[in-house]
Amino acid sequence: MTATRRRDAAATREAILRAGVEGFTRHGYDGVGVREIAQAAGVTAMLVNRYFGSKEGLFAEVVEASMADRTVLTDDPATLARDVAAALVRRTAPHADGLDPFLLVLRSAPNPRAAEILRAGIENHVEAHLLDVAPELRGTGRAAMVLSVVAGFWLMRKVIGSTALNSADERTLAETLERLFTLLMRPG
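Each chain carries its own residue numbering, running from 1 in the written order of its sequence. For this predicted model, a pLDDT threshold of at least 70 governs which residues receive local features, and a threshold of 80 or more governs which side-chain atom pairs are given and counted, while totals over whole chains, interfaces and linings are taken from all residues. The side-chain numbers reported here are obtained from all heavy atoms of the structure, hydrogens and water having been left aside.

Peer 1: What is the right way to read the overall build of the chain from this model?
Peer 2: For the chain, the count of helices and strands is ten helices and zero strands. Helical segments are the DSSP runs of H or I of at least four residues, strand segments are the runs of E of at least two, and each set is numbered from the N terminus. The linear arrangement of helices and strands in the chain, starting from the amino end, is α-α-α-α-α-α-α-α-α-α. Along the first, second and third principal axes, the C-alpha atoms of the chain reach 70 × 40 × 35 Å. The rule is simple: take the accessible area with a 1.4 Å probe, protein chains only, and divide by the maximum for that residue type; under 20% is buried, over 50% is exposed, in between is partly exposed. Across the 188 residues of the chain, 43% fall into the buried class. The contacts in the chain between residues at least 6 apart in sequence include a share of 70% that link residues at least 24 apart. Note on definitions: a residue-residue contact is assigned when non-hydrogen atoms from the two residues lie within 4.5 Å.

Peer 1: Explanation requested: helix α2 (residues 34-41) in the structure shown.
Peer 2: Each α-helix turn comprises 3.6 residues. Residues three or four places apart therefore point the same way. Within α2, the full set of buried residues consists of V34, I37, A38 and A41. In an axial view of α2, the angular spread of the buried residues amounts to 100 degrees, which keeps them on one side of the axis. For α2, exposure combined with an orientation more than 90 degrees from the buried face picks out R35, Q39 and A40. Buried-residue contacts for α2 involve α1 (9-27), α3 (45-52) and α4 (55-68). In this description, the arc belongs to the directions extending from the helix axis to the C-beta atoms.

Peer 1: Please clarify how the confidence of the model for the chain should be interpreted in this entry.
Peer 2: Low pLDDT marks stretches whose predicted atomic positions should not be read closely. As a per-residue measure, pLDDT reflects the predictor's confidence and takes values from 0 up to 100. Across the chain, pLDDT averages 91, with 95% of residues at or above 70. Within the chain, the lowest mean pLDDT, 91, falls on helix α6 (residues 101-108), and the highest, 97, falls on α2. Here residues 1-5 is modelled with pLDDT under 50, and outside its nearest four sequence neighbours on either side it reaches zero contacts, counting other chains as well.

Peer 1: So what exactly am I meant to see when it comes to the layout of surface pockets here?
Peer 2: Rolled over the atoms, a probe as big as a water molecule pinpoints where empty space is left. Put plainly, a pocket is an open set of points on a 1 Å grid over the protein atoms alone with protein on both sides within 12 Å along at least five of seven lines, a cavity is a set where a 1.4 Å probe fits but cannot get out, and a lining residue has an atom within 4 Å of a point. Grid points are joined across faces, edges and corners, and a volume is the space filled by probe spheres set on the points. Reported here for the largest pocket is a volume of approximately 550 Å³. Along the wall of the largest pocket there are 24 residues; nearest its centre are V105, I122, V126, L147 and A151. Those elements that place two or more of their residues in the lining of the largest pocket are α4, α6, α7 (112-133) and α8 (142-159). Tallying contributions element by element places α7 first for the lining of the largest pocket, with seven residues.

Peer 1: Teacher, can you tell me more about the packing of helix α5 (residues 80-91) against helix α10 (residues 170-185) here?
Peer 2: Think of two packed helices as two axes; the pair is described by the angle between the axes and how far apart they sit. Close contact between α5 and α10 brings their axes to 8 Å; oriented N to C, the two are set at 140 degrees. On the basis of the axis angle, α5 is oblique to α10. Two packed elements cross with a definite hand, and for α5 against α10 that hand is right-handed. Contacts from L80, A81, R82, V84, A85, A86, L88 and V89 in α5 reach E170, L173, A174, L177, E178, F181, T182 and M185 in α10. Note that Gly is not counted as nonpolar here; it falls among the polar residues with everything else outside the nonpolar set of Ala, Val, Leu, Ile, Met, Phe, Trp, Tyr, Cys and Pro and the charged set of Asp, Glu, Lys and Arg. A breakdown of the residues in the contact of α5 with α10 according to their chemical character gives twelve nonpolar, one polar and three charged. Axes here mean lines fitted to C-alpha atoms, for a helix over just the part in contact, with angles spanning 0 to 180 degrees between N-to-C directions. Each angle is binned into one of four classes, with values under 35 degrees roughly parallel, values over 145 roughly antiparallel, values of 65 to 115 roughly perpendicular, and all other values oblique. Each crossing gets its handedness from the near helix: less than a right angle anticlockwise from the far helix is left-handed, clockwise is right-handed.

Peer 1: Is there a simple way to explain the packing of α6 against α8 in this structure?
Peer 2: In contact at an axis separation of 11 Å, α6 and α8 are set at 90 degrees when each is read in the N-to-C sense. As summarised for this structure, α6 and α8 are arranged roughly perpendicular, according to the angle between their axes. Residues F102, L103 and L106 of α6 lie in contact with α8, whose contacting residues are A151, W154, L155 and V159. Residue composition of the contact of α6 with α8, by class: seven nonpolar, no polar and no charged.

Structural data, given as C-alpha cells:
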C-alpha cells in the first residue's frame, strides 16, 4: 500500500511566514523576492502567492506577526518605564539575537509601500499597546517620542555599534533610559 503524504496547509503557511520574517528582516522588502522566500520555506513561489496573494501580502502578514510580538513593551503601567528600559538594553546587547522587528523596519522602510505597511503595523500594535498601558499619553505625541527613543537607541547600539553605548555599564544604561522614559510618560 502506498502511503500518501497528507498536506498540512497550516504548517505550510507557517513555514512560508517564518521564511518571510527571516528574509525580510535580513534583506529588507526590496532585497528579497518571493522565489527566495519560497525556496527557504521549501515550497514554490506559486504556493507563496496562493497563501498570501503577493509579496506585499506576505510582507503585510510578516509585519503583523512581528509587531504583535512584545519585544520591549510590557503591560504594567507602574513599572513600564523601568521594564522598557531594561528590555531595550537587554535586546540591544551585542550578543542579543539579531533577528528582530527593528531590523525589519530599518531594512524595509526605504520602499514607500513597505513604509506604509510598517507605519500601520507600528501604530496598530506597538503604539496602540503603549497607549493602552499609558492612556495619559493619548493625544500628546509622547507615545511616538517614546518609540523614537527606542528606535534611536536600538539603531545606535545594535546596528551602528556605538562604542560608548556598547562599552557602558548596562545597569547605568537602563537607569538612564528609565529616567528618560519616566519623563516622557509622565502625565500632564
